[in-house]
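# Breakdown of the fold
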Amino acid sequence: MIWAFLALCPSVFAQEAPQTVAYLAGSERNSALTSHMMNLLTDALGDDAEIRRFQPGQTSQSDGSVIITLGPEAFTLVRQESRTAPILALLVDEPFIAGYAERSAGDIGAVLYNSPLIRQAMAGKVILPHATRVAMLATPESVELYEALTPRLPELGMEGRVFIVSDNDDLIPALVRALEYGDFLLAATDSTIYNPRTIKHILLTTYRRSRIVIGPSQAYVKAGSLASTYVPLRTTAESAAQQLAVFHQTGRFPPPVYPDEFQLEINDQVARSLNIPLPPREELRATIASRLSNSTEGAHE
């Protein structure tokens, strides 16, 4: 599992020309990602940033320091070490961090790694302009993942329905019902439904019924989903720097945020197999962003 964390000492901000000192601990199982994020964060924080290795137990010695965590494992380890240290979580999704951020408002911030479902739904609409119905799968415990989305689908000219998977044996029957209803299947970050054990069966069943899956992430596009939006790591680092600036100014983190900038991953082989003509990725991405912006503006009028 990927994890790493940085600790930023608040005292470095007190100088007129501050140098940011950060402490890093990375997983040996993915040292390349740790090093890459260290470089991106250093760039985003400015030329004067210095990153040092974080040692376990350092939260007790660095009173009031900010901890930046990479991944859920790192967040959990730091949270277990200190319940009072302010934490900025990166590479986590909303279902994981939402409860922590709500209970410790201002002390825990996050730059969310998963894509907001309204963005994923818009991607499906742009790819399939004729689509009017969105199907979703959830367990009784995960159905709340879609509660905020379904009332907003009419903004996109669509409606949606969540099909409940009551147990493991009900997955494929529920999926078949969902595919009969929807023009495409929208997948949230829900490991109870979408995981290495189930994804092959979900994708094959969907493909055989000439339907597509949108989401839940880049990894699943490589496995056979048609498309997913995602946040580049550089954008995550830049957003982290912005969150730290807010914390420095106010002493509090804002609620977890989805960065506005995103990219689009597409499985061209799946698109060709289903005879779905697609313009270039950047054209699709720009259309998604433009329509989301117009939809958001209309919702606030």
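Higher on the page you've got the structure.
For clarity, every value in this text was computed on a predicted model and none was experimentally measured. (Residues numbered from 1 in each chain as written. Predicted model: local features only at pLDDT ≥ 70, side-chain atom pairs only at ≥ 80, totals over all residues. Heavy atoms only, no water.)

### Quick look at the pattern of salt bridges
Counted under the stated rule, the structure contains six salt bridges. Ionic pairing is found between Glu155 and Arg152, a salt bridge with its closest N-O pair at 3.3 Å. Accessibility expressed as a relative area gives 35% for Glu155, which makes it partly exposed. In this structure, Asp170 engages Arg177 in a salt bridge whose closest nitrogen and oxygen atoms are separated by 3.8 Å. For Arg177, a relative accessible area of 38% corresponds to the partly exposed category. (Salt bridge = Lys/Arg side-chain N within 4 Å of Asp/Glu carboxyl O. Buried < 20%, exposed > 50% of the residue type's maximum accessible area, 1.4 Å probe, protein only.)

### Focus on the packing of helix H6 (residues 171–181) against helix H7 (residues 199–208)
At a minimum axis distance of 10 Å, the contact between H6 and H7 shows a crossing angle of 35°. Helix-helix and strand crossings are classified by hand; for H6 and H7 the assignment is right-handed. On H7, the residues that touch Leu171, Ile172, Leu175, Val176 and Leu179 of H6 are His201, Ile202, Thr205 and Thr206. (Axes fitted to C-alpha atoms, helices over the stretch in contact; angles between N-to-C directions. Helix = DSSP H or I, 4+ residues; strand = E, 2+ residues; numbered from the N terminus. Left-handed = near helix turned anticlockwise from the far one by under 90°. Contact = heavy atoms within 4.5 Å.)

### Section: the packing of aromatic side chains
Counted according to the given criterion, the structure contains five aromatic pairs. Relative to Phe96, the ring of Phe75 has its centre 5.7 Å away and its plane inclined at 80°; by these criteria the two rings are edge-to-face. Here Phe75, found in helix H3 (residues 72–81), pairs with Phe96, found in helix H4 (residues 94–103); they are 21 residues apart in sequence, far enough to count as distant. Assessed through its relative accessible area of 0%, Phe75 is described here as buried. The partly exposed category is assigned to Phe96, whose relative accessible area is 25%. Residues Phe96 and Tyr100 carry aromatic rings whose centres are separated by 5.8 Å and whose planes lie at 45° to one another, so their mutual orientation is tilted. On the criterion of helical spacing, the pair formed by Phe96 and Tyr100 is a turn pair, its members being four residues apart in helix H4. (Phe/Tyr/Trp six-rings, centres within 6.5 Å; stacked < 30°, edge-to-face > 60°.)

### Some thoughts on helix H1 (residues 31–45)
Spanning 15 residues, H1 covers 21 Å between terminal C-alpha atoms, matching the ideal 21 Å at 1.5 Å per step. Backbone geometry just after H1 places Gly46 at a positive phi near 115°. (Expected span 1.5 Å × (residues − 1).)

### A short note on the side chain of Asp183
Topologically, Asp183 is positioned in the loop between H6 and strand S9 (184–186). Within the structure, the side chain of Asp183 is placed 2.7 Å from the backbone nitrogen of Thr132, a separation counted as a polar contact. Among residues more than four places away in sequence, those in contact with Asp183 are Leu128, His130, Ala131, Thr132, Arg133 and Arg211. (Polar contact = N/O pair within 3.5 Å; in protein donor to acceptor, adjacent residues only side chain to side chain.)

### Focus on unusual backbone geometry
If a residue is not glycine, its phi is most likely negative; likewise, a peptide bond is most likely trans. Here the residue pair Gly215 and Pro216 is connected by a cis peptide bond, since its omega of -5° sits within 30 degrees of zero. By the secondary structure assignment, Pro216 is in the loop between strand S10 (213–214) and helix H8 (218–223). Its identity is not glycine, yet Ser210 carries a phi of approximately 55°, on the positive side. The residue Ser210 is located in the loop between H7 and S10 in this model. Judged by its relative accessible area of 53%, Ser210 falls in the exposed class. The phi dihedral of Asn275 is positive, around 55°, even though this residue is not glycine. In this fold, Asn275 is placed in the loop between helix H10 (268–273) and helix H11 (281–300). On the basis of relative accessible area, Asn275 is assigned to the exposed category, the value being 68%.

### Focus: the nonpolar core
Residues Leu137, Leu149, Phe184, Leu185, Leu186 and Tyr194 are the most contacted members of the largest nonpolar core, which totals 53 residues. Among the elements that line this core, the one with the most residues is helix H5 (residues 117–127), at seven residues. Not counting chain neighbours up to four residues away, the residues in contact with Leu186 comprise Leu117, Gln120, Ala121, Val134, Ala135, Met136, Tyr146, Leu149, Tyr194 and Ile214. Residues Val66, Leu70, Leu88 and Phe247 belong to the second largest nonpolar core, which totals 16 residues. (Core = buried A, V, L, I, M, F, W, Y, C linked by side-chain atoms within 4.5 Å.)

### Describing the environment of Ala187
Its location among the elements puts Ala187 in the loop between S9 and H7. For Ala187, a relative accessible area of 1% puts it in the buried group. With 41 residues separating them in the primary sequence, Ala187 and Tyr146 have C-alpha atoms 9.7 Å apart. Residues within four places of Ala187 in sequence aside, it is in contact with Leu117, Tyr146, Tyr194, Val213, Ile214, Gly215 and Pro216.

The values are spatial; any link to function lies outside them.
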